[in-house]
Each structure stands twice: as C-alpha cells, then as structure tokens.
Amino acid sequence: MAAKVVDIAGLSLTFETKDGPVYALSNVDLTIRRGEFVSFIGPSGCGKTTLLRVIADLEKSTGGSIAVNGLSPEEARLQRAYGYVFQAPALYPWRNIERNVTLPLEIMGMPKAERQARAKKYLELVNLGGFERKFPWQLSGGMQQRASIARALSFEPDLLLMDEPFGALDEIVRDHLNEQLLRLWDKTEKTVVFVTHSIPEAVFLSSKIVVMSPRPGRIIDVIETDFPRGRGLDIRETPEFLKIAHRVREGLRAGHAYED
Amino acid sequence: MAAAKPKPIARLFAGHAGPVAVLGLALVALWYAGAVWLNADLQIDAFARAGTDWNFTDLVAGTWAQERPLLPAPHQVLAELWRTTVETGIASKRSLVFHGWVTLSSTLLGFAAGALLGILLAVGIVHVRVLEKSLMPWIIASQTIPILAVAPMVIVVLGAIGLKGLVPKSVISTYLCFFPVAIGMVKGLRAPDLLQLDLMRTYSASARQTFFYLRWPTSLPFLFAGLKVAISISLVGAIIAELPTGAQAGLGARLLAGSYYGQTIQIWSALVAAALMAALLVALMGAIERQVARLMGARS
C-alpha cells in the first residue's frame, strides 16, 4: 500500500466566539495515501475548507492528531510540502504571469534561469504557453486560475491542496479545467486534496470522495471509486457514475436530515 | 458606421484643458473686479488729494496701476514676477529665483527626511504591536500642535546648538510631512488581503520576504497619495520656518519683507511663485506615480 501522506485521527477544531464555541470540525478520521485524488464535498459550513486549511497549517486543530508526510502540519509547511490553490487566483497584479508563477521559486531562492524554465514548463502544462508577459488583468478568470495552478505546481510539491479552485467559473470552463486537472494528476502522479460542493465534479475527479456534514463539521461517508485513469467527461453518463453520484447525494441529504 | 468627428470646442472640453481654462479665466475676471472694488477708496482719496477730475474709466485704470494696492491686479503681479525672475540676475537678493531656490532646497530636504521617517514609522507600526500602541497617539498629537507656535522655538533651539540655515527649516518641513506618509503607509502596508497573506504563509515566506514581495508593492498607491500631500505641505513648512526669525532669504522672507514695507505686489508675486512651485512639485510626484504604475503593469 502507498505511503500515508495525510493521517488524521480524532481531529477536532473549535472556534471560541462571543456567542459560545463553534464546532468547525469534530472527531475527524481520515487517511490520504500517495497518489490519491481525494475530494471533500459538503454544504457550506461543513468544515471542508477548514479541514484543508488544517492540513496546510493555515488553521490549528484543537484536538486529535494530524500528520502530513509523518510530520506536524507546521513542519510540513516549513518544508514546503504542498502547493495550495485558493478559491480566487490571488495573482499579484503588479507581476506578469511568468513572475507570478516564479514567485514561490524566488522566495525559495532558485536561480533565475531555472525559475524561467520552470515557469515555461508549467505554463505550458496548463495551456498558458505564450502568456508569460501578460499581466493578470489581461487574462480571463479561467486563465488566471490556471496560472495560479501553474504557480502551485512550479516548485513541484508532491501534495496539491485545492480549495474550490473552479467554484467561481462557469460550467463550460469548469468542465474543461476538470479534464485538464485529471490529465495533470495522471501525468504528475501527485496526491491531490480537492474541496468542492459540486457532486459531478467530485465524482468525476476523485479516487476517494469524503462526504461531510455541518454543525459539527464531520465526515459521514467515504466513497472509493475506480474509474479508469484516462477517463473523459462522457463517463458522467454511465450507470456507475450515476450510482456513485446518487450515494454522495444520499450522504449529503442524511447529513442535512440530522439538522431538522 | 464611423462616429462623427467631435467639434473642436467639444473636443477641448472632453479633456482637462477646456474646463481648467474656463475656470482660470473666471478667476482672473473675478480678481480684476476685486481689485477695482478693494482699491477704489484709496484711488478716490488719491484723486481728491491731487485735485483731479475723474470718471469711472479713470477709476478702474487707477485701481489697476497703484504702487501699493490693497489687492494688486494680476498683470501687476505678473510684471513683478517677470522683473524679479527674468530681468534680475539669479544671484541677486532681489531675484525670486534665488529666494525660490532657497525655499525649494529646504522643502526637498525636509520632504526627503519626512518621507523616510514616515515610511520607517509605518513599517515599525505594522510589524511591532507595541509600537502601534505607543507611537500612534503621539503621531496624531504631533499634528494637533499649531506649527506656527512650534516653528520659532525649533529654529531658536536648533540655532542655539549651532544648527542654522537649511537644516532647522527643513526640520519644520519634516515635522509636517512625515504624518500623511506614515498614515498612508500604515494603511497601505496592511492593504494585502488575507488570501495574499495566506499564500505567502504556504510558501513559508519570512516576514522580510512578505514585506518586500507583498506589503511594499501593495502599499505603493497609498505611499504616493501620502507623498503628494506631503510635498505640498513640506513647502508650506519651509515658508513658515522662514517667517519667525526674519530669515534673510526664501519665499517666506519675501512675504515678511513685503508685509513690513506694505509691498503688496511683492507679497502676491511670492505667493504666486509658491503656488506655482507647489503645483509643479505635486505634478512631478504624479508623473513619477504614473511611471511606477506603468512599470507595475497597471492598465493604461
């Protein structure tokens, strides 16, 4: 079995607010292995983004244990173990696309020639070759998000954390980027953790779907899929796909019924 | 279908030039009218003393040509400006270029020191929580003290320890112009949004790297807004600093000498020179700002 990239046991995170404690995550157990594509899906407030941020050491858990590459999340972050793609592209407007992609490399002190080679390689990988000299405002939203993915890939982390990266895009662009992302995952054999609230997106992309539910944020189902790696969008019409999508929807509904 | 070519006048008013020119002309007309109104009493007295008959045309012509009018007419001020800049050698004590340079040099020195001080204070305040609590009230309090009251003391105290001339004057400018820079920069250095800061965190960037890669570039528009205010009040500070000790040179000295001897035309020409200088300095800052924005990929 492949090595554990993320190992979470009994994890909880409670925010203390004026109106009392908010249980963002409660008793979460999860193992993510090398090469997996794991989606967190659930309604807003279910803690899926918080869980991703805990893995990235952008939030601190308040209970339980978590290891990233066998280290604490902070140690893993300091070793630059992961690339993070946010909901918004968060490109720096004063840097052109190439210099946005090389930003992490500059911070890590890589020589200039090597930085430019990396930028070229990863911009081509996300189909943005030739846009090096453009500034972010000259690109469409989908292109900007692709540039931000190239930026996360540029320092070649084995783990890619993606927080609803295509949430703000229209469905046509989203479908297209989903296909590209899947091919990229296949080619680079990275481990991907992907937050979404779209059922088709989660089922299409993932090798493992983690269904979550709010108040308190918790995992209610984990579904393994075994679609072929080179799958295309047409797989969404197959009975197997619909069956898994149905199970995800049932899980989400059960999580909600708990509320009423 | 091609758009109709705009008429010349319409085109003029599409930009800045038209409206500015119209407003300028209106102000000049108002100024001439004001000169007639304010100087009329003096002129009527003068006619009475000379025993000459006068009509309205004489009165208007007279009010626009007095030697020491209450309000000099624009052309008198222009003539004085011409005489004291072009027709007088710049080394002369009567040259407005000489006096203007004295004031400008102290303005620029004070501005440079003030901008630097403002930036350093802002960097400290943004990075060290203790500094925010301890410095901010003092910074604000410093600007509530009337500068006219402080300036003479500063000049005298610095003079007593052997600092004379340029430095004490630019200290007053510095005192005035660090404030807008500091306030603007505190806001600017805090302007990066959480997402951009989180991004730096995922790269394990140091505080120093976060500053140079993110906070500093984000703060530049705020810096320039502060610098534009700062450079004009730096000029005000330099002029004020020239007043209290009866400085021998500078636009402030010209103002003071003019008011001692009732030379209103001299006062107004110094005022106009100061205003022109301020406008040029602010325009220069604006040009630098646009150039920086262009280099930073702003949409043109």
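Residues numbered from 1 in each chain as written. Chains lettered and ligands numbered in written order. Predicted model: local features only at pLDDT ≥ 70, side-chain atom pairs only at ≥ 80, totals over all residues. Heavy atoms only, no water.

S.K.: Would you mind going over the overall build of chain A in detail, with residue names and values included?
M.R.: Counting secondary structure elements, chain A contains nine helices and nine strands. Whereas a compact globule of 260 residues would reach a radius of gyration of roughly 18 Å, chain A reaches 18 Å, a difference of no more than 12%. In terms of its C-alpha atoms, chain A occupies a principal-axis envelope of roughly 55 × 45 × 40 Å. As displayed, chain A has an accessible area near 11400 Å², and 50% of this comes from carbon and sulfur atoms. Between the centroid of the 34 positive side chains of chain A and the centroid of its 34 negative side chains there is a distance of 5 Å. (Helix = DSSP H or I, 4+ residues; strand = E, 2+ residues; numbered from the N terminus. Rg over C-alpha atoms; globule rule 2.2 N^0.38 Å. Areas by Shrake-Rupley, 256 points an atom, 1.4 Å probe, with all protein chains shown as cover. Lys, Arg positive; Asp, Glu negative; His and termini not counted. Charge placed at Lys NZ, Arg CZ, Asp CG, Glu CD.)

S.K.: I'd love a proper account of the UniProt feature "domain: ABC transporter" (unreviewed entry) in chain A, names of residues and values included.
M.R.: Residues annotated in UniProt with the feature "domain: ABC transporter" (unreviewed entry) correspond here to residues 3-239 of chain A. Here residues 3-239 of chain A runs as 33% helix and 28% strand, with 32 Å between its end C-alpha atoms. (UniProt positions renumbered as here; feature names shortened; annotations may be inferred.)

S.K.: Outline the environment of leucine 184 of chain A, supporting the account with residue identities and numerical values.
M.R.: Looking at the secondary structure, you find leucine 184 of chain A in helix α7 (residues 171-188). Ignoring any residue separated from it by four or fewer positions in sequence, one finds leucine 184 of chain A in contact with Leu125, Val126, Leu153 and Glu189 of chain A. (Contact = heavy atoms within 4.5 Å.)

S.K.: Can you tell me about the sheet that holds strand β2 (residues 20-33) of chain A, naming the residues and giving the values?
M.R.: Residue and element names in this part refer to chain A. Ordered by their spatial adjacency, three strands build an open sheet running β2-β1-β4, and the pairing between neighbours is antiparallel. The open sheet has two free edges, formed respectively by β2 and β4 (63-68), since each of these has just one partner strand. Ignoring which end each strand starts from, the neighbouring axes of this sheet average 20° apart. Two strands pair when backbone bridges link them, and strand β1 (residues 4-17) and β4 are joined in this way by five bridges, in the antiparallel orientation. Each residue of the ladder has a partner; that of valine 6, found in β4, is valine 68. Each of β1, β2 and β4 touches helix α1 (residues 48-55); the most contacted strand, β1, lies at about 115° to it. (Pairing = 2+ DSSP bridges. Axes fitted to C-alpha atoms, helices over the stretch in contact; angles between N-to-C directions.)

S.K.: Explain the interface of chain A and chain B residue by residue, including any values.
M.R.: Put simply, an interface is often sized by how much accessible area is lost when its parts join up. Opposite the 26 residues of chain A that make contact, chain B presents 19 residues. For the pairing of chain A and chain B, the buried interface totals around 2200 Å² over both sides, and the portion due to carbon and sulfur atoms is 62%. Applying the counting rule to chain A against chain B returns two salt bridges. Counting the contacts that link chain A with chain B gives ten residue pairs in polar contact (both at pLDDT 80 or more). Secondary-structure elements contributing two or more residues to the side of chain A that touches chain B are α2 (73-78), β5 (82-85) and α4 (103-107) of chain A. Ranked by residue count, the leading element in the side of chain A that touches chain B is α4 of chain A, at four residues. Broken down by class, the residue content of the side of chain A that touches chain B amounts to 18 nonpolar, no polar and eight charged. (Buried area = accessible area lost by both parts, 1.4 Å probe. Salt bridge = Lys/Arg side-chain N within 4 Å of Asp/Glu carboxyl O. Polar contact = N/O pair within 3.5 Å; in protein donor to acceptor, adjacent residues only side chain to side chain. Nonpolar A, V, L, I, M, F, W, Y, C, P; charged D, E, K, R; others polar.)

S.K.: Tell me what's going on with the packing of aromatic side chains, and back it up with residues and numbers.
M.R.: All names here are of chain B. A full pass over the atoms with the stated rule returns 14 aromatic pairs over all chains. Between the aromatic rings of phenylalanine 47 and tryptophan 54, the centroid separation amounts to 5.6 Å while the plane-to-plane angle is 15°, which identifies the pairing as stacked. By relative accessible area, tryptophan 54 is classed as partly exposed at 36%. Between tyrosine 260 and tyrosine 261 the ring centres are 6.4 Å apart and the planes differ by 80°, which places this aromatic pair in the edge-to-face class. (Phe/Tyr/Trp six-rings, centres within 6.5 Å; stacked < 30°, edge-to-face > 60°. Buried < 20%, exposed > 50% of the residue type's maximum accessible area, 1.4 Å probe, protein only.)

S.K.: Could you give an account of the sheet that holds strand β6 (residues 159-163) of chain A, naming the residues involved and the relevant values?
M.R.: Residue and element names in this part refer to chain A. Reading across from one edge, β5-β6-β7-β3-β8-β9 is the order of the six strands in this open sheet, with mixed pairing throughout. A single partner strand is all that each edge strand has here, and the edge strands are β5 and β9 (218-224). When the angles between neighbouring strand axes are averaged without regard to direction, this sheet yields 15°. Note: strand β3 (residues 37-41) against strand β7 (residues 191-196), five bridges, orientation parallel. Looking across to β7, one finds that phenylalanine 37 is bridged to valine 192.

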